[in-house]
Protein chains: 2
Amino acid sequence: MSHEKGPDHSRRKERSRQAILAAARALVAEEAYEKVTVEAIAARAGVGKQTIYRRWPSKSAVVFAALLALSEGADGQSVALPDTGDLEADLKLVMRATAEEFADPSFDRLIRALNTEIANDAALAAEYREKLARPLDEAKKARLRSAQEAGQLDPDADLDLALDMLYAPLFQRWLHRSGPLTTAYADSLVDATLRAFGP
Amino acid sequence: MSHEKGPDHSRRKERSRQAILAAARALVAEEAYEKVTVEAIAARAGVGKQTIYRRWPSKSAVVFAALLALSEGADGQSVALPDTGDLEADLKLVMRATAEEFADPSFDRLIRALNTEIANDAALAAEYREKLARPLDEAKKARLRSAQEAGQLDPDADLDLALDMLYAPLFQRWLHRSGPLTTAYADSLVDATLRAFGP
DNA sequence: TCATCAATACGGATCGTCTCGTTTCGTTCG
DNA sequence: CGAACGAAACGAGACGATCCGTATTGATGA
């Protein structure tokens, strides 16, 4: 399987690129984002600073690319939520899993770093939505649409709104640390959302 | 008796304090938070840098204090939501007003700065919840409780959860710029919340 | 008088640019 | 066919700039 057009030094480029992204991921996972420096990423990757600045315009862009590479490496195709036919059970499963993800310190630091950047950079926010958030949202919406077709949701329900009401409270509770991300809380969100958008 | 600060210099202190907070507010409102420096705040306030560091440990703390002073200056007692007896109308009024606030560029930058800080500083987040978020949440909850007692909400409804589902989606849409904060969206959130927690 | 202040110098950290000499790898030519 | 070549990319790190947080100093005002 050959790439589009084999440029001259693509292998070196790719190797250093991967090293940089891995180093960025590791550093952001193990300490606060503001403490991570470009020089530290370069050192950890065994790479010159200029090699980083040659590819990305800022630390934000590097870290974002590192996160992006994670989700791209995962599969390469669209994710899909479980669909057992039992909407409530499926949603609770996913919500609980999401809550658990947020509880992992490495993941916590990573996502906080990402949110710090996208809150203050509209361009990065757009890229985030396009490449990370939307595929996930589409997967969730697909599950809701399936339920809608099965008559488990109001045929006129606004699925985007339902998604917002399902996930935004969990996200905000995590972001503001306004309460524990318990199983009970995740379940309550599912219950309330189903009451609001049920048939 | 140890050295104690007499009331002698309290007026000077207060004057410079106000100047610092006003300068911080102005600067954060007019450019991105990361671009605001302590030196710029000091210069704008006509104050030495040390006078700032004498009172606050970091830029975050200064900016946070500036925001806090805003809400304290407002009244000094608890806020209250309108209560005409029509829960849906009252909530839509408040949600629309909130959406409009977010649309103001100065307010936008201010709140983004605040969220950047509290997302990465647990201590600041706690202070934010205690001094800014909770009073507002209590006012909102009071309005919901009033409706609950009037039989307009399920007597067993979890009012905290209802609040989360009402406001978190609006907040997240603003923070991630994932869509316009329209009147229609604000209204939809109220409608859906009332369906979920209605009697 | 004397605590507080504005102003400013300072060392440390990090940024992003720039310049070295080196490594890699496809191409060329013996 | 295989060794030498040259351009692209590289690792390393010096550099000036900016900002941080601390320390110093002379002026100010209660």
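Residues numbered from 1 in each chain as written. Chains lettered and ligands numbered in written order. Predicted model: local features only at pLDDT ≥ 70, side-chain atom pairs only at ≥ 80, totals over all residues.

1. Overview of the overall build of chain A
As a reminder, the rule being used: Secondary structure follows DSSP: runs of H or I at least 4 residues long count as helices, runs of E at least 2 residues long count as strands, and numbering of each begins at the N terminus. Backbone-placed C-beta atoms define the burial measure: a residue is buried with 20 or more other C-beta atoms within 10 Å of its own, exposed with 12 or fewer, and partly exposed in between. Two residues qualify as being in contact provided that their C-beta atoms, derived from the backbone, are within 7 Å of each other.
The helix and strand tally for chain A stands at nine helices and zero strands. In sequence order, the secondary structure elements of chain A are arranged as α-α-α-α-α-α-α-α-α. For the C-alpha atoms alone, the extent of chain A along its principal axes is close to 60 × 45 × 25 Å. Out of the 199 residues belonging to chain A, those deemed buried represent 28%. Long-range contacts, defined as pairs at least 24 residues apart, comprise 64% of the intrachain contacts of chain A with a sequence gap of at least 6.

2. Describing the relation of the copies chain B and chain A
As a reminder of what qualifies: Only residues with pLDDT of at least 70 in both copies count here: their C-alpha atoms drive the least-squares fit that superposes the copies.
Each copy superposes on the other: chain B lies on chain A with an RMSD of 0.1 Å after a rotation of 180° and an axial shift of 0.0 Å. Viewed as a symmetry operation, the transformation between the two copies matches a two-fold axis. Minimal C-alpha distance to the rotation axis in chain B is attained by A196 of chain B, lying at 2.0 Å. Looking at the interface residues of chain B, 100% of them are also at the interface in chain A, so both copies use one shared face.

3. Some details on the packing of helix α5 (residues 87-103) of chain A against helix α9 (residues 183-197) of chain A
Residues and elements named next belong to chain A. Note the cut-off: Throughout, an axis means a line fitted to C-alpha atoms (over the contacting stretch in the case of helices), and angles, computed between N-to-C directions, take values from 0 to 180 degrees. Just so you know how the angles are binned, under 35 degrees is roughly parallel, over 145 roughly antiparallel, 65 to 115 roughly perpendicular, and the rest oblique. Less than a right angle of anticlockwise turn of the near helix away from the far helix marks a crossing as left-handed, whereas a clockwise turn marks it as right-handed. Under the grouping applied here, Gly and all other residues not named as nonpolar or charged are polar, the nonpolar ones being Ala, Val, Leu, Ile, Met, Phe, Trp, Tyr, Cys and Pro and the charged ones Asp, Glu, Lys and Arg.
Two elements in contact, α5 and α9, have axes separated by 9 Å at closest approach and are oriented at 140°. In this view, α5 runs oblique relative to α9, as classed from their interaxial angle. In the packing of α5 onto α9, the handedness of the crossing is right-handed. Touching E88, L91, K92, M95, R96 and A99 of α5 are T183, A186, D187, L189, V190 and L194, all from α9. Considered class by class, the residues forming the contact of α5 with α9 number seven nonpolar, one polar and four charged.

4. Details of the interface of chain B and chain A
Taken together, the 29 residues of chain B in the interface contact 29 residues of chain A. Among the secondary structure elements, those contributing two or more residues to the side of chain B that touches chain A are α6 (105-120), α7 (122-149), α8 (159-175) and α9 (183-197) of chain B. Element by element, the count of residues in the side of chain B that touches chain A is highest for α8 of chain B, at nine residues. Classifying every residue of the side of chain B that touches chain A by side-chain character gives 14 nonpolar, seven polar and eight charged.

5. Some details on the UniProt feature "DNA-binding region" (unreviewed entry) in chain A
Applied cut-off: UniProt positions are given in the numbering used here, feature names are shortened, and annotations may be inferred rather than shown by experiment.
With numbering aligned to this structure, UniProt lists the feature "DNA-binding region" (unreviewed entry) at residues 37-56 of chain A. With 75% helix and 0% strand, residues 37-56 of chain A has end C-alpha atoms that lie 14 Å from one another.

6. Let's talk about the confidence of the model for chain A
All names here are of chain A. Put simply, the test is: Each residue gets a pLDDT score, which is the predictor's confidence in that residue and runs from 0 to 100.
On average, chain A scores 88 in pLDDT, and the residues at 70 or more come to 90%. For chain A, helix α4 (residues 59-74) is the element with the lowest average pLDDT, namely 81, and α9 is the one with the highest, namely 98. Every residue in residues 1-8 scores below 50 in pLDDT, and together they form zero contacts with partners more than four places removed in sequence or on other chains.

7. Quick notes on the environment of A65 of chain B
Residues and elements named next belong to chain B. Along the polypeptide, A65 turns up in helix α4 (residues 59-74). The class for A65 is partly exposed, based on 19 C-beta atoms found within 10 Å. Sequence-wise, A65 and I20 are 45 residues apart; in three dimensions their C-alpha atoms are separated by 9.9 Å. Ignoring any residue separated from it by four or fewer positions in sequence, one finds A65 in contact with L21 and W56.

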